[in-house]
Each structure stands twice: as structure tokens, then as C-alpha cells.
Amino acid sequence: MSHANAHDLQLDPAGHLKHLLTVEGLSRELLTEVLDQAEGFLGVAQQAVKKVPLCRGKVVANLFFETSTRTRTTFELAAKRLSADVLNLNIAASATTKGETLLDTLRNLEAMQVDMFVVRHAASGAAHFIASQAAPHVSVINAGDGRHAHPTQGMLDMFTIRRHKGAFENLRIAIVGDILHSRVARSQIAALNTLGTGEIRVIGPRTLMPAQVESLGVRVFDDLREGVRDADVVIMLRLQRERMSVALLPSEHEYFQLYGLTEERLSTARPDAIVMHPGPINRGVEMDTQVADGPRSVILEQVSNGIAVRMAVIAMCIGTQNLRGQSAVGGLDD
Ligand code: CP
């Protein structure tokens, strides 16, 4: 599946967000608008009634062809907090297993007046393909496609960084692990570059680095202590075993010996550095339990922030008549 024109599809003729398929190609102003809108939505979680009516009457369908814990549930909560109706298609129990094509599934859901598809798929380009085939009024959000992109994860990570560290210009950010197979790393690097980050580092074995990784605008390290030295933010990535067609690592034990984050290895980072991980974590492979649950870890905060960021993206795509011209939350309580 081609995704060469993904960014051409993403904006409507007025320049507003229509689909979110990739962070690449989106302007700094638009990414900042997502972060600012999400800031407004954070407060909804503290209300007695955790709802605003921005997407009342809209229907959001979650189509997860690949497993997920965080992304699927936080999309569901985000849509419900915007007062949308939510369909969670159980792919394993759907007519897909009887040979129905993806397009036929889409057409049937469109016949139920769905306004948005949230799509996770193992094939890179799947969300773009669906966006190119969907009815004109339907928006598509990429919830992770193969090793290509995971834009809402990238944006919730930007949101978490901005809340802790402020402006991106003076930050040194270290991303550690399996860069080669990581759609999350691709989306993070694209967003960090667009937001003007001071320095972006990637750290890991050469076998887990994409070819010409430097062309992404990053500095490459193969030594963990050197790579995290003076970092403001350390982002750990999961080893994507399911995407490794050949043995790229001797063993998980040896990987941990070289690239697992421990308190001792973190000591070269800035004293106020935060530690992030998109999840799911493999404790004892990417990081020690002491670090994962330690005072510098913001891993569970990333999950909470994901609801606000996904509310912002959904509202910007399908709640726009209600969203524009007013703050995200003010005066909108049910
Ligand atoms: N971070 C992330 O995408 O997690 P899930 O696979 O659980 O959705």
C-alpha cells in the first residue's frame, strides 16, 4: 500500500485537520494547536460529569486489526468524553473472518452513518488506504500502521514533554532501543523536528537502526551512557519482536546488559530528566522495574495524557463546528 501522499489527504481545503495519518508534513502551528486543545481537555477528567458535548451525534468506529491496550481504550474514552457514540468492531468475531474484504466492511459501517474510523493495522499504509477510499464526510485516524506511523502516540508524548519541560528549543531528547521497527519513534522524531527540538538522539545497536537514520535529523549513539548524557528526556522503546523477520539480537538478556535502562545508567542524564515509554513495557528487557516505577518515570501520565490528546484530535477532525471560536472546554459542560 502506498502512503506517499498521506499529508496531502490530511487537511481539508480550508487547511483544517480532516484525517490524522502521519505527523510528517503537518505544520508547527497545527501540531501546537493539537497540544493547546489537549491542554483544555485535561480538565474534563476532573469534572463530576467527565463529558463535553463537542461530538454529540457523531459516531466513531474503532477498527483494531492488531492488538492494543492503551490506544484502543483511550480512543474509546476520548470519544465518549466528547459525547460521541462509539462502535468497537471485534475483528476476530466480525465477518472479516468469513472472507469479507476491508472495503466491504468499511462500506457497511458507512451505511451505519459512521463519522470517523480509528484504525490500527499491521500493514504500513493501511490507514492511508482507508482514508483514500472512505466517503467524503468520514475522517480517519491512524492508531498505528505497521512500522510506519503512530501519530497520536507521538503527539501525546510531545504533550507530556511540553508539560514537564516547556519549550522544545533547548531540550536534548534521547530515544533508546528498536528504532528500526518503531512507528512510535518515527512519529516522535517527526514531531520533535517540527516543534524545533534542540537535539534529538537515537541510541541502540546498529542492527536496530534504519538505513541512513541520520537523515531523519538525529544524532546516533551506540553507547547508552553516552547517549543519555545530559538528556532532559529519555524515551525507551519496546523491542518489536513481532516485526523482526531475522535474529537481530543475540538475546534479551544481552540486550538488557547493553541497552536496558537502570538507575546507574540514567545517572549521566540531567538530574531532572524524565523517563518515558509508550508501553507495553518489557520489564528487565528495556528497563529495570526501579526505573519504570521510579520518581522520574512519567509512563502512566503518558497514558492519562493520551485521552486529552485523542479528544483534541477527534474534536479537530469531526467536532470542528463546535470547537472553533471558543476554548475547548469553557461553557461546554453538559
Ligand atoms: N503505546 C501503544 O500503542 O500501546 P498499545 O499497543 O497498548 O495500544
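Residues numbered from 1 in each chain as written. Predicted model: local features only at pLDDT ≥ 70, side-chain atom pairs only at ≥ 80, totals over all residues. Heavy atoms only, no water.

### Digging into the pattern of salt bridges
- Enumeration according to the criterion identifies 18 salt bridges in this entry.
- Ionic pairing is found between Asp272 and Arg270, a salt bridge with its closest N-O pair at 3.4 Å.
- Taking relative accessible area as the criterion, Arg270 reaches 35% and is therefore assigned partly exposed.
- Taken together, the salt bridges that share partners define one network made up of Asp36, Glu39, Arg162 and Arg163. (Salt bridge = Lys/Arg side-chain N within 4 Å of Asp/Glu carboxyl O. Buried < 20%, exposed > 50% of the residue type's maximum accessible area, 1.4 Å probe, protein only.)

### Notes on the side chain of Ser187
- Among the secondary structure elements, Ser187 is positioned in helix H7 (residues 183-194).
- With relative accessibility at 3%, the residue Ser187 sits in the buried group.
- Excluding its chain neighbours within four sequence positions, the residues that come into contact with Ser187 are Val23, Ala149, His150, Pro151 and Gly154. (Helix = DSSP H or I, 4+ residues; strand = E, 2+ residues; numbered from the N terminus. Contact = heavy atoms within 4.5 Å.)

### A look at helix H3 (residues 70-81)
- Its twelve residues give H3 an end-to-end C-alpha distance of 16 Å, which sits within 8% of 16 Å, the value for a rise of 1.5 Å per residue.
- Of all the positions in H3, only Thr71, Thr74, Phe75, Glu76, Ala78, Ala79 and Arg81 are classed as buried.
- Of the surrounding secondary structure, the elements contacted by the buried residues of H3 are strand E1 (59-64), strand E2 (85-89), strand E3 (116-121), strand E4 (139-145), helix H6 (151-165) and helix H12 (299-318). (Expected span 1.5 Å × (residues − 1).)

### A word on the confidence of the model for the chain
- Of the residues in the chain, 93% reach a pLDDT of 70 or more, and the chain-wide mean stands at 92.
- Taken together, the stretch residues 330-334 has pLDDT below 50 and engages in eleven contacts with residues farther than four places along the chain or on a different chain. (pLDDT = per-residue confidence, 0-100.)

### Quick look at the packing of aromatic side chains
- Counting across every chain of the model gives one aromatic pair.
- The side chain of Arg265 reaches across the aromatic face of Phe256, ending 6.0 Å from its centre. (Phe/Tyr/Trp six-rings, centres within 6.5 Å; stacked < 30°, edge-to-face > 60°. Lys NZ or Arg CZ within 6 Å of the ring centre and 35° of its normal.)

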